[in-house]
Amino acid sequence: MRALVLQEFGRMGVEERPKPVAGNGEVLIRTIATGICGSDIHGYTGHNGRRHPGQVMGHETVGVVAQHGPGTDSAIPLGTVVTVNPQLRAGPDGRARVLGVNPEISSAFAEFFVVPVENVIALPPGMTVEHGALVEPLAVGFHAARRGGVTAGSRVLVIGAGPIGLACVIAARRLGATHVIVSEPVAQRRSRAEQLDATVVDPTVDDVAETCRREGGVDVAIDAVGSATTIATALESVSSGGIVSLVGMASPMIQLPAYAISVSERTIVGSFCYTADEFRETTEWAAGEPALLDRLIDDRVSFDEADAAFTALAGDDASSTSKVLVYAGGLPR
């Protein structure tokens, strides 16, 4: 089979790899399309240390069930279009495994890959097929909003309008937030947030905390960047007793403004991935939002075009791009 391989940091290449075979409790997926995640870009550049040369990455994916392993024949029919929850069962050493992250797992930037059958979720009837590749990042945003306690009537600040930040905006609206403010320095990304009915602020020009107060205050701040600067902004902006949900991972170590936490009794919660129920719920919800999800896809590329797409996303083009899908078997017509 053809696979898109991280041949070295800064270079993706197409290679022939053995076609995998589904084992006990597994199914073989024929890949349709896989989204390029920000963590894939960090792996491509070598920035995060969580990807390795020779690895087949990819975890935001949609495909078709192509083979049943022993014990899975009745679970989900052959030919079913599915998305995949990439959080896998722990390995023999007890450590968590994630499709597209663990280097020993050949993942979704390939024509075929295998996963446990419990990680496979059929797309609802009528759902746009490529939208199955958006479920994973949308579920990340949904979990971050839930971790922040967003409910009907909440007023929310989202810091960062990249793909996860936009997913957080969508999730806040999905949970009933009445007002969403987005802080984003890049004009193209602010425009995207405005299209999602958010009030936008340029933090290089305006004071984010003052804007939040002027707009009536916010109960929850979701930091989709994750730097010392952005978390300080989140803590300054959220009302006394409010919650900051930290989902961005720009910096592994940050300094915190301690007084802003203790004096105003604010809470910081971490957010990473999602629950199995949230992933499934997001799949069901996404089926009813085709126009919204169409707006999140910027480009579609083939395996042969993927290295150029990774290079662009690792550079200046990332600021104006939301989601690029890599098609395994040729681009849709």
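So, here is what we can say about the structure in this document. (Residues numbered from 1 in each chain as written. Predicted model: local features only at pLDDT ≥ 70, side-chain atom pairs only at ≥ 80, totals over all residues. Heavy atoms only, no water.)

1. Some thoughts on the overall build of the protein
Part 1 of the reasoning: On a plain count of helices and strands, the protein comes out with ten helices and 17 strands.
Part 2 of the reasoning: Its C-alpha radius of gyration of 20 Å places the protein within 12% of the 20 Å reference for a compact globule of 333 residues.
Part 3 of the reasoning: Expressed as lengths along the three principal axes of its C-alpha atoms, the size of the protein is roughly 55 × 45 × 40 Å.
Part 4 of the reasoning: Of all 333 residues assigned to the protein, the portion counted as buried reaches 53%.
Part 5 of the reasoning: The contacts in the protein between residues at least 6 apart in sequence include a share of 72% that link residues at least 24 apart.
Part 6 of the reasoning: Carbon and sulfur atoms make up 51% of the accessible area of the protein, which totals about 14,000 Å².
Part 7 of the reasoning: The centroid of the 26 positive side-chain charges in the protein is displaced by 2 Å from the centroid of its 38 negative side-chain charges. (Helix = DSSP H or I, 4+ residues; strand = E, 2+ residues; numbered from the N terminus. Rg over C-alpha atoms; globule rule 2.2 N^0.38 Å. Buried < 20%, exposed > 50% of the residue type's maximum accessible area, 1.4 Å probe, protein only. Contact = heavy atoms within 4.5 Å. Areas by Shrake-Rupley, 256 points an atom, 1.4 Å probe, with all protein chains shown as cover. Lys, Arg positive; Asp, Glu negative; His and termini not counted. Charge placed at Lys NZ, Arg CZ, Asp CG, Glu CD.)

2. With respect to the sheet that holds strand S13 (residues 218-223)
Part 1 of the reasoning: Taking strand neighbours across the sheet as the criterion, the six strands line up as S12-S11-S10-S13-S14-S15 in an open arrangement whose pairing is parallel. At either end of the open sheet lies a strand with only one pairing partner, and these are strand S12 (199-201) and strand S15 (267-270). Strand after strand, the sheet turns through a mean of 20 degrees between neighbouring axes, direction not considered.
Part 2 of the reasoning: Direction of pairing for S13 relative to strand S14 (residues 238-246): parallel, over a ladder of five bridges. Note that in S14 the partner of valine 220 across the bridge is isoleucine 243.
Part 3 of the reasoning: Strands in contact with helix H6 (residues 228-237) are strand S10 (155-159), S13, S14 and S15; relative to S14, the strand with the most contacts, it is inclined by about 150 degrees. (Pairing = 2+ DSSP bridges. Axes fitted to C-alpha atoms, helices over the stretch in contact; angles between N-to-C directions.)

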